[in-house]
Amino acid sequence: MPMPGKYSLQPALITVADQIGFLKQFFSNCFRKGFEWTEFFRQAYNVGYRSTGIIALTGFILGFVLTLQSEPTMKQFGATSMISGMVSISVMREIGPVIVALICAGKISSSIGAELGSMNVTEQIDAMEVSGANPMQYLVVTRILACTIMIPLLTIFADVIALLGGFTATNLGGAMNPWLYFYKATTALEFADVIPSFIKTILFGFTIGFVGCYKGFHSNRGTESVGIAANSAVVTASVWIIIIDAIVVQFTNMFVYA
Amino acid sequence: MPETAQEEIVIDLQGLKKSFNGNEVLSNITLQVKKGENLVILGKSGEGKSVTIKCIAGLLQPDAGSCRVFGKEVQQMDPAELKELRKRIGFLFQNAALYDSMTVRENLEFPLKRVAGLHDKGEIEQRSMEVLEAVGLTDAIDKMPSELSGGMRKRMGLARTLIVKPEIMLYDEPTTGLDTITSREISELILDMQRRYKTTSVIITHDIPCARITSDRVVIMHNGEYIASGTCEELENADDEFVRSFFK
Ligand SMILES: Nc1ncnc2c1ncn2[C@@H]1O[C@H](COP(=O)(O)OP(=O)(O)OP(=O)(O)O)[C@@H](O)[C@H]1O
Ligand SMILES: [Mg+2]
């Protein structure tokens, strides 16, 4: 194989151009007639429902552990009554969206990457294209949209379960009225906590779907490249999630709290 | 004049070149296929036969030369034109390329609904059964591709391609991996398609009996060029030793 020039920027630029092209194709196919509803619902089911178990478990443990760990410190300040609010703010604003997105990057991005990658290797995508059907519309649009919609829903689900976990942990020490707990947890939240983080989860969902599809579609020929596609989908999606998170937080601080 | 209509050229390749990573696969392919003709391409493995028909279907871009289908340059088509062209072309992949997340029935419905635009349940069912009967797979309609044998997959791929009754058929090794009897049946089916629907076909094969049954004309590919062309009988008695060796 010919080696690219030392530290050449060219391959990276080609990749970026490729990704922008893919993005454009996604948007133009989104609004084309003949939307694949059945496939979309099948994907939404796969992405959403199939992940509820792991998301519930993680959410519960998150709320539970956060509560237990902050208890001794808060006790020193005599502020135990603020634990529920603190946990709910940190889960909703930061930990919930990021953890759910990272889990989904591992679970969903990789499976999309592997599935489309193996369809590419076995020429199924070529077959679709050459038959005059539209693989972008059938395979990519449905998957990206399913992720963009289901991952925010999964995050909301995780947030609620995390509160439940927090409540359980609080209740280990002494009985607390569940309504009081949820009241305190939710009144601590402000508009500025919820909306930016919700927007963030939409971006995360889109990224997870997009990266998985892109990596799968652009995998090389050969079985090995299916593994590579899945693996690099996870890595790339995770890195993007962290970057997007940082950017969104910056923006929120600039505009919302300014 | 019916005479000229018969001579209409549907696929016209001129000086086609294609390399992969500096390795030249097609060096100079010039080939014309007339309407309603069955052209068989013979050649050793790895000569670039599959690459040639992928260029015809617009799946690969040739580096140089022209590839015209129905009188239009494939490389210069915009996506909409390419899509229209592809609706008229059937492509049987060497490894069948069945959609393995769908059942056999869904595999057949996929092109019918999206390409032929059929939505009538009865008609879809009837066309599916018809084509499955032709390849002898009626029992397998509710199976998943992973449950089919290699030869069954091949026949299934053929069924999925034939179901939309394309005007041009590109067969990549339609009979490889099949027993002699099924292989003959498939060859007869290809011939039948040509007779009934005036399909123009390019058939890549290593199977000489299949070539004998289906071909109107045979070309032999070697080192990225076509070195011989003629009917089966002509090539069998050719002067060139290499050409004759294909028929032994
Ligand atoms: N997508 C690709 N990328 C890189 N090289 C390729 C690609 N497709 C084909 N080739 C190369 O082109 C050459 C010809 O391949 P092709 O599949 O056309 O052979 P073939 O004549 O169909 O052989 P067979 O009879 O074994 O199917 C091979 O050397 C192969 O390595
Ligand atoms: Mg081949």
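Predicted model, so just to flag it, every value in this text is computed and none were measured.

Undergrad: Can you help me understand the overall build of chain A in this one?
TA: Within chain A one finds 9 helices and 0 strands. If one aligns the C-alpha atoms of chain A with their principal axes, the spans along those axes are about 65 × 45 × 35 Å. Considering chain A as a whole, with its 258 residues, one finds that 47% of them fall into the buried category. Counted over contacts in chain A with a minimum sequence separation of 6, partners at least 24 positions apart contribute 84%. When the accessible surface of chain A is summed, it comes to about 13200 Å², and 70% of that surface belongs to carbon and sulfur atoms. The centroid of the 14 positive side-chain charges in chain A is displaced by 1 Å from the centroid of its 14 negative side-chain charges.

Undergrad: Explanation requested: the overall build of chain B in the structure shown.
TA: Looking only at helices and strands, chain B features 10 helices and 10 strands. At 18 Å, chain B has a C-alpha radius of gyration in line with the 18 Å of a compact globule built from 248 residues. Over its C-alpha atoms, taken along the principal directions, chain B stretches across nearly 55 × 45 × 45 Å. Per-residue burial over chain B gives 54% buried out of 248 residues. On chain B, the mean spot of the 32 positive side-chain charges and the mean spot of the 39 negative ones are 3 Å from each other.

Undergrad: What is the right way to look at the side chain of T199 of chain B in this model?
TA: All names here are of chain B. Along the polypeptide, T199 turns up in the loop between α7 (180–197) and β8 (200–204). From its side chain, T199 meets the backbone oxygen of M193 in a polar contact 3.1 Å long. Aside from chain neighbours lying at most four places away, what touches T199 is G36, E37, N38, P166, E167, I168, M169, M193 and Q194.

Undergrad: What is the right way to read the interface of chain B and chain A from this model?
TA: Buried accessible area, meaning the area lost when the parts come together, often serves as the stated size of an interface. At the junction of the two partners, chain B supplies 20 residues and chain A supplies 14 residues. Both sides together, the interface formed by chain B and chain A hides about 1600 Å², and carbon and sulfur atoms give 55% of it. When the buried surface of chain B facing chain A is broken down by residue, R86, Y99 and R114 of chain B rank first, second and third, together holding 29% of it. For the pair chain B and chain A, the number of links is 3 salt bridges. For E129 of chain A, the salt bridge identified is with R86 of chain B, shortest N-O distance 3.5 Å. Mapped by element, the contributors of at least two residues to the side of chain B that touches chain A are α3 (79–87), β6 (89–92) and α4 (104–114) of chain B. For the side of chain B that touches chain A, the element with the highest residue contribution is α3 of chain B, accounting for 3 residues. Residues belonging to the side of chain B that touches chain A are distributed by class as follows: 11 nonpolar, 2 polar and 7 charged.

Undergrad: Would you take a moment to explain the environment of A101 of chain A for this structure?
TA: All names here are of chain A. Looking at the element boundaries, A101 is found in helix α4 (residues 83–121). Here the alpha-carbon distance between A101 and I149, two residues 48 residues apart in the chain, equals 13 Å. Beyond its immediate stretch of four places on either side in the chain, A101 contacts F204, I208 and I241.

Undergrad: Help me understand the coordination of the magnesium ion (ligand 2) in this model?
TA: Note on metal sites: the ideal angle is 109.5 degrees for four tetrahedral donors, and 90 or 180 degrees for six octahedral donors. Residue and element names in this part refer to chain B. Only S50 (OG) and Q94 (OE1) from the protein reach the magnesium ion (ligand 2) as donors, at distances of 1.9 to 2.2 Å. Separated by 44 residues along the polypeptide, S50 in helix α2 (residues 49–56) and Q94 in the loop between β6 and α4 bring together distant segments of the chain. Judged by relative accessible area, Q94 falls into the partly exposed class, the value being 37%.

Undergrad: When you look at the site of ligand 1 in this model, what are you seeing that I'm missing?
TA: All names here are of chain B. Taken together, F20, V25, S45, G46, E47, G48, K49, S50, V51, Q94, E173 and H206 make up the full set of residues adjacent to ligand 1. Between ligand 1 and the protein, one listed contact pairs an oxygen atom with a side-chain N or O atom of S45 at 2.6 Å. E173 places a polar side-chain atom, nitrogen or oxygen, 3.2 Å from an oxygen atom of ligand 1. Protein contact buries 66% of the 630 Å² of open area that ligand 1 shows by itself. Here the element with the most residues in the shell around ligand 1 is α2; it accounts for 3 residues. Partitioned by chemical class, the residues of the shell around ligand 1 number 3 nonpolar, 6 polar and 3 charged.

Undergrad: How should I be thinking about the pattern of salt bridges in this particular structure?
TA: Here the idea is simple: oppositely charged side chains can pair when their charged atoms come close. Residue and element names in this part refer to chain B. This structure, assessed with the given rule, holds 23 salt bridges over all chains. Across the salt bridge formed by R217 and E37, the nearest N and O atoms sit 2.8 Å from each other. Highlighted residues: R217 in strand β9 (residues 217–222) and E37 in the loop between β2 (23–34) and β3 (38–43), separated in sequence by 180 residues. Each member of the pair, R217 as well as E37, is classed as buried. Residues K113 and E109 are paired through a salt bridge, measuring 3.7 Å at the closest nitrogen-oxygen approach. Of the two residues, K113 and E109 both sit in helix α4, 4 residues apart, roughly one turn of that helix.

Undergrad: Just to check I follow, could you spell out the confidence of the model for chain B for this structure?
TA: When pLDDT is low, close inspection of the predicted coordinates is not appropriate. All names here are of chain B. Scored by pLDDT, chain B has a mean of 90; 98% of the residues are at 70 or more. Averaged pLDDT values over the elements of chain B bottom out at 48 in helix α1 (residues 2–6) and peak at 95 in β8. Both scores are given for the predicted complex: the pTM is 0.90, the ipTM 0.89.

Undergrad: Could you clarify how one ought to interpret the state of the cysteines in this entry?
TA: All names here are of chain B. Following the criterion strictly, the structure yields 0 disulfides over all chains and no others. Left without a disulfide partner, C55 is nearest to the cysteine sulfur of C67, which lies 6.5 Å away. For C55, a relative accessible area of 1% puts it in the buried group. In this structure C210 is a free cysteine whose sulfur lies 9.6 Å from that of C232, the closest cysteine sulfur available. On the basis of relative accessible area, C210 is assigned to the buried category, the value being 1%.

Parameters and conventions
Residues numbered from 1 in each chain as written. Chains lettered and ligands numbered in written order. Predicted model: local features only at pLDDT ≥ 70, side-chain atom pairs only at ≥ 80, totals over all residues. Heavy atoms only, no water. Helix = DSSP H or I, 4+ residues; strand = E, 2+ residues; numbered from the N terminus. Buried < 20%, exposed > 50% of the residue type's maximum accessible area, 1.4 Å probe, protein only. Contact = heavy atoms within 4.5 Å. Areas by Shrake-Rupley, 256 points an atom, 1.4 Å probe, with all protein chains shown as cover. Lys, Arg positive; Asp, Glu negative; His and termini not counted. Charge placed at Lys NZ, Arg CZ, Asp CG, Glu CD. Rg over C-alpha atoms; globule rule 2.2 N^0.38 Å. Polar contact = N/O pair within 3.5 Å; in protein donor to acceptor, adjacent residues only side chain to side chain. Buried area = accessible area lost by both parts, 1.4 Å probe. Salt bridge = Lys/Arg side-chain N within 4 Å of Asp/Glu carboxyl O. Nonpolar A, V, L, I, M, F, W, Y, C, P; charged D, E, K, R; others polar. Donors = N, O, S within 2.8 Å, 3.2 Å for Na, K, Ca; no water. Near = heavy atom within 4 Å. pLDDT = per-residue confidence, 0-100. Disulfide = S-S within 2.5 Å.

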